Every structure is written in C-alpha cells, then in structure tokens.
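Secondary and tertiary structure notes
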Amino acid sequence: MFYAFGDIRIKSELPLDETAGLVARALEIPRFVKDISTPEDEGEDFVSRCFGLKFVFFALPESVAAASGCQFGLSIDTTADFDYDGSEKEIDAVGYVLFLLGREPRLSAVKGGGGGGGG
C-alpha cells in the first residue's frame, strides 16, 4: 500500500480562480471545485480528486503569505480508506508536483509546510 502526500506554496499575480485553473491544467487533474465541507470561518478550500488523491487549493492566510511571498497553498493527500499498519510506502509528491507546476511560467512554487487551508 502507498501513501502519497505533499504541501506546496504557490506565487501568482493572478486571482485565486485563475491560479486554481492554471494549477489544475499544469497537473492535468480535474478542475478545482469549492469544498463545501470546509467551515466558512476556516476560509475557502477548493478540491480536485484524481487517482485516489485529494488536491486542496487555498489562499494562504495573510501572515503566512507576507512571510513566504506566496499567496496560495496546495495540499496533496491520499484519499484511500485503509488500515495503516506501518508497512505503507510513503511517497512525497512535492518534487514531482513542483516539476509539473514549473512548466507553467505564470506560477512559481516551492515546498510548503501547511499554513492554512487544506482542511
């Protein structure tokens, strides 16, 4: 069994909806849709699911954005429901996702560390 994960921060001069579209196209995943399961007081998350992975795109909190120079975050997580027994192989998807996002010249992305959203 495999467990994939990753957190990325994204810099873009475009608004959230246009940036989300660029990210989805760069990753070749279905477009992001608003996650209605996220409480409104926790901000807006936008979700895309593909191949057992959940991609969550969100605006970073102002304090994190100011400190990092990035406006948006992307979290990746495995959605498969299985019993974790310690034998799972972890796959850090960050390097590959950064490579894919790097092909889009209107985006700049770096490895992130959470920082809001992704709920």
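Not measured: the values here are computed from a predicted model.

Nonpolar side chains tend to gather and get buried jointly when the protein is soluble and globular. Membership of the largest hydrophobic core comes to 23 residues, with the highest contact counts inside it found for Ile 10, Val 23, Leu 27, Phe 32, Phe 57, Leu 74 and Leu 101. Broken down by secondary-structure element, the contributors of at least two residues to this core are strand 1 (2–11), helix 1 (16–27), strand 3 (45–50), strand 4 (53–59), strand 5 (72–78) and helix 3 (94–102). Of all the elements, helix 1 adds the most residues to this core, at six residues. If near-sequence neighbours (up to four positions away) are discounted, Leu 74 is found in contact with Gly 6, Asp 7, Ile 8, Ile 10, Val 23, Leu 27, Phe 32, Phe 55, Val 56, Phe 57, Phe 58 and Val 97.

This part takes up the packing of aromatic side chains. Tallied over the entire structure, the rule returns four aromatic pairs. Considering the side-chain rings of Phe 32 and Phe 57, the 5.6 Å spacing of their centres and the 40° angle between planes classify their relative orientation as tilted. Taken together, the residues span a long stretch of sequence, with Phe 32 in the loop between helix 1 and strand 2 (33–34) and Phe 57 in strand 4 at a distance of 25 residues. The class of Phe 32 is buried, set by a relative accessible area of 9%. Ring-pair connections join several aromatic residues into one group, and the members of that group are Phe 32, Phe 57 and Phe 72.

What counts and how
- Residues numbered from 1 in each chain as written.
- Predicted model: local features only at pLDDT ≥ 70, side-chain atom pairs only at ≥ 80, totals over all residues.
- Heavy atoms only, no water.
- Core = buried A, V, L, I, M, F, W, Y, C linked by side-chain atoms within 4.5 Å.
- Buried < 20%, exposed > 50% of the residue type's maximum accessible area, 1.4 Å probe, protein only.
- Helix = DSSP H or I, 4+ residues; strand = E, 2+ residues; numbered from the N terminus.
- Contact = heavy atoms within 4.5 Å.
- Phe/Tyr/Trp six-rings, centres within 6.5 Å; stacked < 30°, edge-to-face > 60°.

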